Amino acid sequence: ESTMEILKEWRKAERELSQDLGSLWVGSHVNTIGERFNDNFIFIDQKTGNQMFADTPSKKFKKIIDRYNSMCEKGDELPHIRLHDLRHTSATLLIGANTDIATVSKRLGHSKISTTLNVYTHQLPAKDREASSAFEKMFSKKEAVTEDGAIS
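Chemist: Account for the overall build of the protein, naming residues and giving values.
Modeler: Scanning the protein for helices and strands turns up six helices and zero strands. Each helix and strand of the protein, ordered N terminal to C terminal, gives the series α-α-α-α-α-α. Counting over 152 residues, the protein shows a buried share of 18%. Here the protein displays about 12,000 Å² of accessible surface, and carbon together with sulfur accounts for 56% of that area.

So this is what it looks like as structure tokens:
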């Protein structure tokens, strides 16, 4: 919800920017019923409304990390990661929190769930250990599996 609120505020600011720039704005304009404006990109050139170069957000992200690291205590620095790594982190955390794989796959925009499984599930060795422990409990002498599959 908080991210959506930030994006709504950005869209509002972007709309105001488009009006301020007038004819210099090359992004989509608001038509008479206000529909096309939402076709604009999130990452735009603030002077034209055109899409930023593809590497600009990544460069800015690196500068943010560098600025933070220059101001923080030694040992508290953030690691240098790519902006795209946040996508991987998000997917891995969702899978680790037992979000169903179809939902994670949809959020990532993958056309096939198998893509999500192939790319992300290898990053969760703790889940593999949990599965191994569960299997061990099923067949240990301390616990028995009932007819309905429950462990007692």
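Chemist: I'd love a proper account of unusual backbone geometry, names of residues and values included.
Modeler: The phi angle at Asn 98 is positive, at roughly 65°, despite the residue not being glycine. As for its placement among the helices and strands, Asn 98 is situated in the loop between α3 (85-96) and α4 (101-108). Note on Asn 98: relative accessible area 61%, which makes it exposed.

Chemist: A description of the environment of Lys 62 should follow, citing residues and the corresponding values.
Modeler: Positionally, Lys 62 belongs in helix α2 (residues 56-71). Remark: the alpha-carbon pair of Lys 62 and Ile 81, spanning 19 residues in sequence, is separated by 7.8 Å.

Chemist: Explain helix α1 (residues 2-21) residue by residue, including any values.
Modeler: When the terminal C-alpha atoms of α1 are compared, their 28 Å separation across 20 residues agrees well with the 28 Å that a helix rising 1.5 Å per residue should span. Looking only at α1, the buried set comprises Arg 11, Glu 14, Leu 17, Ser 18 and Leu 21. The buried residues of α1 occupy one face: seen down the axis, they fall within an arc of 125°. Opposite the packed face of α1, turned more than 90 degrees from it, sit the exposed residues Ser 2, Lys 8, Gln 19 and Asp 20.

Chemist: Could you give me a rundown of α3, with the residues and numbers involved?
Modeler: Spacing of three or four residues puts side chains on the same side of an α-helix, whose turn is 3.6 residues. The first and last C-alpha atoms of α3 sit 16 Å apart over twelve residues, in line with the 16 Å expected at 1.5 Å per residue. Listing the buried residues of α3 in full gives Ala 91, Thr 92 and Ile 95. On an axial view of α3, the arc spanned by its buried residues comes to 95°, and they lie on one face. Here the buried face of α3 lies against α4, α5 (113-120) and α6 (125-139). Where α3 ends, the next residue or the one after it, Asn 98, has phi of about 65°, a positive value.

Chemist: Could you give an account of the pattern of salt bridges, with specific residues and numbers?
Modeler: A complete count under the given rule lists five salt bridges for this structure. Note that Glu 5 and Lys 8 form a salt bridge whose closest N and O atoms lie 3.8 Å from each other. Of the two residues, Glu 5 and Lys 8 are both situated in helix α1; the distance of three residues between them amounts to about one turn of the helix. Judged by its relative accessible area of 45%, Glu 5 falls in the partly exposed class. Of the charged contacts in the structure, one is a salt bridge between Asp 85 and Arg 82, with a shortest N-O distance of 2.7 Å.

Chemist: Hey, could you go over a nonpolar patch on the surface for me, with residue numbers and the actual values?
Modeler: Residues Met 4, Leu 7, Ile 42 and Phe 43 make up a contiguous nonpolar surface patch of about 370 Å² in total accessible area. Looking at the element boundaries, Ile 42 is found in the loop between α1 and α2. A relative accessible area of 42% means that Ile 42 is categorised as partly exposed.

So, how was this worked out
- Residues numbered from 1 in each chain as written.
- Predicted model: local features only at pLDDT ≥ 70, side-chain atom pairs only at ≥ 80, totals over all residues.
- Heavy atoms only, no water.
- Helix = DSSP H or I, 4+ residues; strand = E, 2+ residues; numbered from the N terminus.
- Buried < 20%, exposed > 50% of the residue type's maximum accessible area, 1.4 Å probe, protein only.
- Areas by Shrake-Rupley, 256 points an atom, 1.4 Å probe, with all protein chains shown as cover.
- Expected span 1.5 Å × (residues − 1).
- Arc of directions from axis to C-beta.
- Contact = heavy atoms within 4.5 Å.
- Salt bridge = Lys/Arg side-chain N within 4 Å of Asp/Glu carboxyl O.
- Patch = residues over 30% accessible without salt bridge, like charges linked within 9 Å, V, L, I, M, F, W, Y side chains within 5 Å.

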